[in-house]
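Okay, here's what each chain looks like letter by letter:
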Amino acid sequence: MNESIRSILKEHGRLAIEVETLAEAADLYQAGMTSHASVNVMLALESQFDVEFPDRMLRRGVFGSIASIREAVEELTAGR
Amino acid sequence: MSEYSAKSLHDGLVAHGLILPTTVQGVFGRSAVFEDVLQRVADLITRMAKDDGAEVMLFPPVLERKTLERSGYLESFPHLAGSVFSFTGDDAQHKELCSRVHHGEPWADLQSMTDVVLIPAACYPLYPHLAGRLPKGGRTVDMQHWVFRHEPSPEPTRMQSFRVREFVRAGSPEEVVAWRDLWLERGLGMLRKLGLPAEADTASDPFFGRGGRMLAAGQREAKLKFEVLVPVISRENPTALCSFNYHQDHFGQPFGIQTEDGKVAHTACLGFGMERVVMALFRTHGYVPVEWPRAVREVLWP
């Protein structure tokens, strides 16, 4: 899953540094992701994993690192 | 006037001849009395800002379309924007246009997009003019513009076209945030001096769609937007009369605005919804300004 997340970040995150070099816990906003870019990341994750983030997850922090994105997606896909 | 409702305010303003409704929600005329109060509020704001050295600018109520496109407005608020279209066809198409209008048929497809849009927020025309290096200490600009928001509503306080008195500060993050905090206090103080029970709160913009919910939550978390609120049509949901927005580099980046040492400049703006301030005064003190409390009249008619 981390690879899919990294590839979405590469395409939509508009990060200032190479996605491959990012640690899982690294702050994506610090890495240059704007709030509008984070919306595109969110929408791309939804279509990639066929999930819909509920309102409680539409927060800045949920999309703040590869690890937190993975946790959120795992929660939504659990039991599939 | 104990009851707060959109209808009671609307009916009160109409009964006293202060607004002149049309058949379109959120679009109405203003009377001389209404305009006098609005001008007095504008003068009061001018007095408050007199030592700030703000540059005064005035733009028409239309904006270059490319400025809107560059600003990111359509990413955030596509549902509020108003684009100007006009007829550029030939004689045959003109005949078709007239015939369709005459028969009450749709005619939008016979128009084409122009180079202008309606100003969505009072500060937008300014940003292209701030491009380049700012002087030491940044710049502060004072404007009042008619702005357009496509949000028809029966609430008199939610207009499609209204005036915003807006100040913009461009400079370093520290300069901009300190300035915003100063004005938040000034705005609160000014409205309280007018006898309005004003309170400040964090707020978010009405961003479009599901992505918008995320942007709004981020804006609240980062405390980028504050509003000063007063009960006007509801006690539980008071109306925002002023808003204070810290844009960070949202405009500095696309419009190439730099601080004197060459970093991307940050900007903030604060806007007074002029009609809303006037309506709050009418709702709080009554529809006849000569009968307002003396203390309030002395502030507005010094």
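Remember, it's a predicted structure, so these values are computed and weren't measured experimentally.

What chain B contains, in helices and strands, is nine helices and 14 strands. Against the 2.2 N^0.38 benchmark of 19 Å for 302 residues, chain B shows a C-alpha radius of gyration of 21 Å, consistent with a compact globule. Projected onto its principal axes, the C-alpha positions of chain B cover 65 × 55 × 35 Å. With 302 residues in all, chain B has 49% of them scored as buried. For chain B, the accessible surface area stands at approximately 14300 Å², while carbon and sulfur atoms represent 54% of it. Taken as two groups, the 33 positive and 37 negative side-chain charges of chain B have centres that lie 3 Å from each other.

The number of helices and strands found in chain A is three helices and zero strands. Scanning chain A from its N terminus toward the C terminus, one meets helices and strands in the order α-α-α. Taken over C-alpha atoms, the radius of gyration comes to 11 Å for chain A, in line with the 12 Å a tight globule of 80 residues would show. Principal axes of the C-alpha set define a box for chain A whose edges measure 35 × 20 × 20 Å. Within chain A, the fraction of its 80 residues that count as buried is 48%. Pairs at least 24 residues apart make up 53% of the contacts formed inside chain A by residues separated by at least 6 positions. If you average the places of the 8 positive and of the 13 negative side-chain charges in chain A, the two averages end up 3 Å apart.

What follows deals with the domain arrangement of chain B. All names here are of chain B. By domain assignment, chain B separates into domain 1 (6-82 + 120-300) and domain 2 (84-118). Computed from C-alpha atoms alone, the centre-to-centre distance between domain 1 and domain 2 is 34 Å. Facing the nine residues of domain 1 at the interface are seven residues of domain 2. Around 790 Å² of area is buried between domain 1 and domain 2 when both sides are counted, 61% of it from carbon and sulfur atoms. The tally of links from domain 1 across to domain 2 stands at one salt bridge. The salt bridge partner of Arg65 is Asp115, with a shortest N-O separation of 3.6 Å. The tally of links between domain 1 and domain 2 comes to four residue pairs in polar contact (both at pLDDT 80 or more). With three residues, strand S4 (residues 62-64) is the largest single contributor of residues to the side of domain 1 that touches domain 2. Class assignment for the residues of the side of domain 1 that touches domain 2 results in six nonpolar, one polar and two charged.

Turning next to the sheet that holds strand S5 (residues 83-86) of chain B. Residues and elements named next belong to chain B. Strand order in this open sheet of three strands is S4-S6-S5, and the pairing throughout is antiparallel. Of all strands in the sheet, those bounded by a partner on one side alone are S4 and S5. Strand-to-strand twist across the sheet, computed as the mean angle between neighbouring axes with direction ignored, equals 50 degrees.

Further remarks concern the sheet that holds strand S8 (residues 139-148) of chain B. Hydrogen bonds along the backbone pair up the strands of a sheet, which may run parallel or antiparallel. Residues and elements named next belong to chain B. Read from one edge to the other, the open sheet built from seven strands follows the order S3-S8-S9-S14-S12-S11-S10, with strand pairing classed as mixed. Across the chains shown, the open sheet's two edge strands, defined by having one partner strand only, are strand S3 (55-56) and strand S10 (199-202). Sitting on the sheet, helix H2 (residues 32-48) touches S8, strand S9 (161-171) and strand S14 (266-273), and the angle it makes with S9 is about 10 degrees.

A few words on helix H1 (residues 6-15) of chain B. All names here are of chain B. When we look at burial in H1, the residues that qualify are Ala6, Leu9, Gly12 and Leu13. Along H1, the residues classed as buried sweep out an arc of 140 degrees about the axis, all on the same side. Along H1, the residues that are exposed and aim more than 90 degrees away from the buried face are Lys7 and Ala15. Looking at the buried positions of H1, the neighbouring elements they touch are strand S1 (19-21) and helix H8 (274-285). Directly after H1, the chain includes Gly17, whose backbone phi takes a positive value near 70 degrees.

On to the interface of chain A and chain B. Taken together, the contact between chain A and chain B spans 14 residues of the former and 11 residues of the latter. Between chain A and chain B, a total of about 1100 Å² is buried, with carbon and sulfur atoms accounting for 63% of that surface. Linking chain A with chain B are three salt bridges, by the criterion used here. In this structure, Glu52 of chain A engages Arg210 of chain B in a salt bridge whose closest nitrogen and oxygen atoms are separated by 3.8 Å. Residue composition of the side of chain A that touches chain B, grouped by class: five nonpolar, four polar and five charged.

Parameters at a glance
- Residues numbered from 1 in each chain as written.
- Chains lettered and ligands numbered in written order.
- Predicted model: local features only at pLDDT ≥ 70, side-chain atom pairs only at ≥ 80, totals over all residues.
- Heavy atoms only, no water.
- Helix = DSSP H or I, 4+ residues; strand = E, 2+ residues; numbered from the N terminus.
- Rg over C-alpha atoms; globule rule 2.2 N^0.38 Å.
- Buried < 20%, exposed > 50% of the residue type's maximum accessible area, 1.4 Å probe, protein only.
- Areas by Shrake-Rupley, 256 points an atom, 1.4 Å probe, with all protein chains shown as cover.
- Lys, Arg positive; Asp, Glu negative; His and termini not counted.
- Charge placed at Lys NZ, Arg CZ, Asp CG, Glu CD.
- Contact = heavy atoms within 4.5 Å.
- Domains from an automatic or database assignment.
- Buried area = accessible area lost by both parts, 1.4 Å probe.
- Salt bridge = Lys/Arg side-chain N within 4 Å of Asp/Glu carboxyl O.
- Polar contact = N/O pair within 3.5 Å; in protein donor to acceptor, adjacent residues only side chain to side chain.
- Nonpolar A, V, L, I, M, F, W, Y, C, P; charged D, E, K, R; others polar.
- Pairing = 2+ DSSP bridges.
- Axes fitted to C-alpha atoms, helices over the stretch in contact; angles between N-to-C directions.
- Arc of directions from axis to C-beta.

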